[in-house]
Amino acid sequence: MRILTLSVAASLWAGVALGSEPPHAFEGVWDCEVAVFTFTSDNYNTGSDDMPITDIAVDGSGFVLSFEDDYQLYVALNDDGTLYWFSPASGDSFTCLRQD
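Residues numbered from 1 in each chain as written. Predicted model: local features only at pLDDT ≥ 70, side-chain atom pairs only at ≥ 80, totals over all residues. Heavy atoms only, no water.

(A) Molecular detail of the nonpolar core. Counting 16 residues, the largest nonpolar core has Phe39, Tyr44, Leu65, Val75 and Trp85 as its most contacted members. For this core, the elements supplying multiple residues, two or more each, are strand E2 (36-39), strand E6 (62-66), strand E7 (72-77), strand E8 (83-86) and strand E9 (93-98). When residues no more than four places from it in sequence are discounted, the contact partners of Val75 are Phe26, Phe39, Gly62, Phe63, Leu65, Leu83, Tyr84 and Trp85. (Core = buried A, V, L, I, M, F, W, Y, C linked by side-chain atoms within 4.5 Å. Buried < 20%, exposed > 50% of the residue type's maximum accessible area, 1.4 Å probe, protein only. Helix = DSSP H or I, 4+ residues; strand = E, 2+ residues; numbered from the N terminus. Contact = heavy atoms within 4.5 Å.)

The following block contains the structure:
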């Protein structure tokens, strides 16, 4: 039993060591009032354009997504399962409903 436990622990550690990360809560397809936005761990689709995400930082209960040209978004999962989307550049904010 101990050998099996060590083997499972080693397998889990190997997955972490190889850089596999669990998906972020914001990943998915969201209806955000003005368009349907799609988030992956490395891309944001505005409904018409793809924007590569250059950095994801945890900020409180949400995430700051950074893009080229110093553009950033803040997203956070609400208690009711909706997504809060906020752009500091424009001041726009939306409540988004998961579509997937």
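(B) The arrangement of the pairing of strand E5 (residues 55-59) in detail. Judged from the 5 bridges that link them, E5 and E6 form a sheet pairing that is antiparallel. Paired with Asp59 across the bridge in E6 is Gly62. Between E5 and the antiparallel strand that follows it, E6, lie 2 residues; Gly60 among them carries a positive phi value of about 65°. (Pairing = 2+ DSSP bridges.)

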